[in-house]
Amino acid sequence: MCTLEKRGDLFLLTLTGDGEHRFHPDTIATILSLLEQAKSQSTRGSILITTANGKFFSNGFDLAWAQTAGSITGAANRLHQMVESFKPVVAALLDLPMPTIAALNGHAAAAGLMLALSHDYVFMRKDRGVLYMSEVDIGLSMPDYFSALVRAKIGTSAARRELLLSGKKIRGEEAVGLGIVDSAAYDSEEGVVEASVRLGEKLAAKKWSGEVYASIRKSLYPELCGILGLEARVFATPKL
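With an unreviewed UniProt entry as reference, the chain is termed Delta(3)-Delta(2)-enoyl-CoA isomerase, source organism Arabidopsis arenosa. Reading the Pathway (unreviewed entry) entry of the UniProt record for the chain gives the comment "Lipid metabolism; fatty acid beta-oxidation." Its UniProt record gives the chain the following Sequence similarities (unreviewed entry) comment, quoted word for word: "Belongs to the enoyl-CoA hydratase/isomerase family."

Spelled out as structure tokens, the structure:
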């Protein structure tokens, strides 16, 4: 389902297997547990890189599982369960005391794209993979923290419109132009991970305080952190 590997200062969180990496409640719980593990083992210079195997980074919530509830009400309840259980994952990434990088090996849709945007940096392949917010096409409203995350991480109203209101599948170069991802210059799954590792090693060499880093990060997104129930801790100014 997913694994956490420590390579020196780098934590590598991988959604394993060749499927769509849909977020079933069990998957969500595992991701949250691994983020808590990384946090508990973090030191100055720690970095998190999140990636996946196969064609998909993640295709979002496990809607097929929701639909097996046997009724419209049951399906809606299961979807609500996934939305609410995923919220702490976004909060954990915003609160993680280290820089974070999402290395998109393939398609990232709906909650899968929200997982990516919860990271500080997002790298994408140029040869394969799209970003897609399917809610407008399938008739689902946006959770409040999804909307707040998009407002926090995507700077222009035009880019947000393209992502959320067009049903468009956005490829790498366009995603860079819209300011959704930081780079899309890689021709393989290995290439995007290697680029993320290079950035991770560069950032790790700074040996920043993770608590200070997380506090500054949260201060950048006050609306999102308010919805997530996060508060930035204020640190004393060091003497010069």
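Alright, that's what it looks like, and here's the rest.
Colleague: Now, about the pairing of strand 2 (residues 10-15): what can you tell me, with residues and values included?
Modeller: Among the six residues that make up strand 2, six are buried, leaving the element largely enclosed by the rest of the structure. Here strand 2 shows a buried face lined by Leu10, Leu12 and Thr14 and a second buried face lined by Phe11, Leu13 and Leu15. Summarising the sheet, strand 2 and strand 3 (residues 47-52) pair through six bridges and their orientation is parallel. By the bridge assignment for strand 3, Thr14 is matched with Thr51. Handedness of the crossover joining strand 2 and strand 3 through helix 1 (residues 25-40): right-handed.

Colleague: Outline the packing of aromatic side chains, listing residues and values.
Modeller: Under the definition given, this model contains seven aromatic pairs. Ring centres of Phe86 and Phe146 lie 6.4 Å apart, and the angle between their planes is 75 degrees; on these two criteria the pair is classed as edge-to-face. Separated by 60 residues along the polypeptide, Phe86 in helix 3 (residues 72-95) and Phe146 in helix 6 (residues 144-153) bring together distant segments of the chain. In terms of burial, Phe86 and Phe146 fall into one category: buried. Plain terms: the ring middles of Phe123 and Tyr186 are 5.7 Å apart, the flat faces sit at 35 degrees to each other, and that makes the pair tilted. Of this pair, Phe123 sits in strand 7 (residues 121-125) while Tyr186 sits in strand 9 (residues 183-186), and the two are 63 residues apart along the sequence. The same class applies to Phe123 as to Tyr186, namely buried. Grouped by ring-pair contacts, the aromatic residues Phe23, Phe61, Phe86, Tyr145 and Phe146 constitute a single cluster.

Colleague: Can you break down the sheet that holds strand 8 (residues 131-132) residue by residue, with the values?
Modeller: Strand order in the open sheet formed by three strands is 4-6-8, with parallel pairing between adjacent strands. Across the chains shown, the open sheet's two edge strands, defined by having one partner strand only, are strand 4 (56-58) and strand 8. One ladder, built from two bridges, connects strand 6 (residues 107-109) with strand 8; its direction is parallel. Residue pairing in the sheet places Ala109 in a bridge with Tyr132 of strand 8.

Colleague: Break down the side chain of Asn105 for me, with residues and values.
Modeller: Within the element layout of this structure, Asn105 appears in the loop between strand 5 (100-104) and strand 6. In this view, Asn105 contacts Thr51, Ala52, Asn53, Gly54, Lys55, Phe56, Phe57, Arg125, Arg128, Glu189 and Val192; residues no more than four positions away in its chain are not counted.

Colleague: So what's going on with the packing of helix 3 against helix 10 (residues 210-220)? Which residues, and what values?
Modeller: Angle between the axes and distance between the axes: these two values describe a pair of packed helices. Following both chains from N to C, one finds helix 3 and helix 10 inclined at 120 degrees, their axes separated by 8 Å at the closest point. In this view, helix 3 runs oblique relative to helix 10, as classed from their interaxial angle. Taking contact as the criterion, the partners of Leu93, Leu94 and Asp95 in helix 3 are, on helix 10, Ala214, Arg217 and Lys218. Taken together, the residues that form the contact of helix 3 with helix 10 break down as three nonpolar, no polar and three charged.

Colleague: How would you summarise the nonpolar core if you had to cite specific residues and measurements?
Modeller: With 60 residues, the main nonpolar core has Phe61, Phe86 and Leu131 as its most contacted residues. Looking at this core element by element, the count peaks at 10 residues for helix 3. Not counting chain neighbours up to four residues away, the residues in contact with Leu131 comprise Leu104, Ala108, Leu113, Met124, Lys168, Lys169, Ile170, Ala175, Ile180 and Val181. Grouped together as the second largest cluster of nonpolar side chains are 15 residues, Leu10, Leu12, Ala103 and Val197 included.

Colleague: Tell me about the sheet that holds strand 3, residues and numbers included.
Modeller: The six strands are arranged 1-2-3-5-7-9 in an open sheet whose pairing can be described as mixed. Two strands close off the open sheet at either side, each with one partner strand: strand 1 (2-7) and strand 9. With direction set aside, neighbouring strand axes in the sheet form an average angle of 20 degrees. The pairing of strand 3 with strand 5 spans three bridges and is classified as parallel.

Colleague: If you had to explain the environment of Phe57 to someone new, which residues and values would you point to?
Modeller: Checked against the element boundaries, Phe57 lands in strand 4. We classify Phe57 as buried; its relative accessible area is 0%. For Phe57 and Gly45, which are 12 residues apart along the polypeptide, the C-alpha to C-alpha distance reads 26 Å.

Reading the values: the criteria
- Residues numbered from 1 in each chain as written.
- Predicted model: local features only at pLDDT ≥ 70, side-chain atom pairs only at ≥ 80, totals over all residues.
- Heavy atoms only, no water.
- UniProt positions renumbered as here; feature names shortened; annotations may be inferred.
- Buried < 20%, exposed > 50% of the residue type's maximum accessible area, 1.4 Å probe, protein only.
- Helix = DSSP H or I, 4+ residues; strand = E, 2+ residues; numbered from the N terminus.
- Pairing = 2+ DSSP bridges.
- Right-handed = clockwise from strand over helix to strand, strands pointing away.
- Phe/Tyr/Trp six-rings, centres within 6.5 Å; stacked < 30°, edge-to-face > 60°.
- Contact = heavy atoms within 4.5 Å.
- Axes fitted to C-alpha atoms, helices over the stretch in contact; angles between N-to-C directions.
- Parallel < 35°, antiparallel > 145°, perpendicular 65-115°, else oblique.
- Nonpolar A, V, L, I, M, F, W, Y, C, P; charged D, E, K, R; others polar.
- Core = buried A, V, L, I, M, F, W, Y, C linked by side-chain atoms within 4.5 Å.

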